[in-house]
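Take a look at the letters that make up each chain.
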Amino acid sequence: MKRRPRRSLPAALTALVLLALCALVAVVSIQLIVGERPWVDYRVVARVRWNELVPAIAGGVAALLGLMLVLAAVLPGRLTVFPLRGDESGIDSGASRRSYRSTLRAAASGVDGVSGAKLKVRRRQVAAVVSTERTMVDGLADAVRAALDRRLEQIGPVERPTVKVRVKAARSAS
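Just so it is clear, the structure is predicted and the values come from calculations on it, not from any experiment.

Draft legend 1. Here's a closer look at the environment of I155. Following the sequence through the fold, I155 ends up in helix α5 (residues 140–155). Residues I155 and L104 lie 51 residues apart in sequence; the distance between their C-alpha atoms is 9.6 Å. With residues near it in sequence (within four places) discarded, I155 still touches L84, Y100, T103 and L104.

Now the structure itself:
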């Protein structure tokens, strides 16, 4: 089963605003063509005193919304493909977020004593939460961190993330 790619919130917000504006223009146009009273009458808009409080607030809200949409378009979003170091041939390569996370999860799960691993992969950080059935967890976090560091060395990302490991023990030592 193929998964649909997730859309970012700024792109969804931009699409929603544009859809609402297009729907409003279409409805008003159809109302004018049919001869009904439109929702937005341009004669009323032309009579508005633009130096009053309500138009100033509406203009401020519109300007703020426009600024937010411009920032959403300009600022970089979440990486979908992590760039990897190239070799001498100059070929660029990358790993998808899903495959990057799953190979690191396999490395963490392969450590002796780890019964499960959950990873959060970000641009500059990999956070692992591993669970174990052991009562003594001394050194387990270091072993998982070393396994993740070895796997990251094999993968060869352009920007090496920091690795944070937290161990959750199922039972207490008492």
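Draft legend 2. A look at the sheet that holds strand β4 (residues 125–132). One open sheet holds the 3 strands; their spatial order is β3-β4-β5, and the pairing between them is mixed. Edge positions in the open sheet fall to β3 (114–121) and β5 (162–169), since each of these has one partner strand only. Strand after strand, the sheet turns through a mean of 20° between neighbouring axes, direction not considered. Bridging between β4 and β5 involves 8 bridges; their strand directions are parallel.

Draft legend 3. The arrangement of α5 in detail. A rise of 1.5 Å per residue sets the reference length of α5, with its 16 residues, at 22 Å; its end C-alpha atoms lie 23 Å apart and thus fit the reference within 8%. The elements touched by buried residues of α5 are β1 (81–84), α4 (97–109), β3, β4 and β5. Taken from the residues just after α5, G156 is the one with a positive phi, measuring 75°.

Draft legend 4. Seen up close, a nonpolar patch on the surface. Side chains of L13, L64, L65, L67, M68, L71 and L75 sit close together on the surface and give an oily, nonpolar patch of about 610 Å² of accessible area. When residues in the nonpolar patch are grouped by element, the largest group, 5 residues, is from helix α3 (residues 53–74). Looking at the secondary structure, you find L65 in helix α3.

Draft legend 5. Broad picture of the pattern of salt bridges. With the rule as written, the count across this model stands at 6 salt bridges. Among the ionic pairs, R160 bridges to D149, the shortest N-O distance being 3.3 Å. On the criterion of sequence distance, the pair formed by R160 in the loop between α5 and β5 and D149 in helix α5 is long-range, its members being 11 residues apart. One salt bridge connects E153 with R160, and the closest N-O pair in it is separated by 3.0 Å. By relative accessible area, R160 is classed as partly exposed at 39%. Salt bridges here are not isolated pairs; linked through shared partners, they connect R85, D149, E153 and R160.

Draft legend 6. Region of the structure containing the side chain of Q31. Following the sequence through the fold, Q31 ends up in helix α1 (residues 9–34). Once residues lying within four places of it in the same chain are set aside, the contact partners of Q31 are E36, R37, P38 and W39.

Draft legend 7. Up close: the packing of α4 against α5. Axis separation between α4 and α5 bottoms out at 8 Å; the angle between their running directions is 140°. In terms of orientation, α4 and α5 fall into the oblique class. The chirality of how α4 crosses α5 is right-handed. Where α4 abuts α5, its residues Y100, T103, L104, A107 and A108 lie against V144, A147, L148, R151, L152 and I155. The residue inventory of the contact of α4 with α5, partitioned by class, reads 9 nonpolar, 1 polar and 1 charged.

Reading the values: rules and limits
- Residues numbered from 1 in each chain as written.
- Predicted model: local features only at pLDDT ≥ 70, side-chain atom pairs only at ≥ 80, totals over all residues.
- Heavy atoms only, no water.
- Helix = DSSP H or I, 4+ residues; strand = E, 2+ residues; numbered from the N terminus.
- Contact = heavy atoms within 4.5 Å.
- Pairing = 2+ DSSP bridges.
- Axes fitted to C-alpha atoms, helices over the stretch in contact; angles between N-to-C directions.
- Expected span 1.5 Å × (residues − 1).
- Patch = residues over 30% accessible without salt bridge, like charges linked within 9 Å, V, L, I, M, F, W, Y side chains within 5 Å.
- Areas by Shrake-Rupley, 256 points an atom, 1.4 Å probe, with all protein chains shown as cover.
- Salt bridge = Lys/Arg side-chain N within 4 Å of Asp/Glu carboxyl O.
- Buried < 20%, exposed > 50% of the residue type's maximum accessible area, 1.4 Å probe, protein only.
- Parallel < 35°, antiparallel > 145°, perpendicular 65-115°, else oblique.
- Left-handed = near helix turned anticlockwise from the far one by under 90°.
- Nonpolar A, V, L, I, M, F, W, Y, C, P; charged D, E, K, R; others polar.

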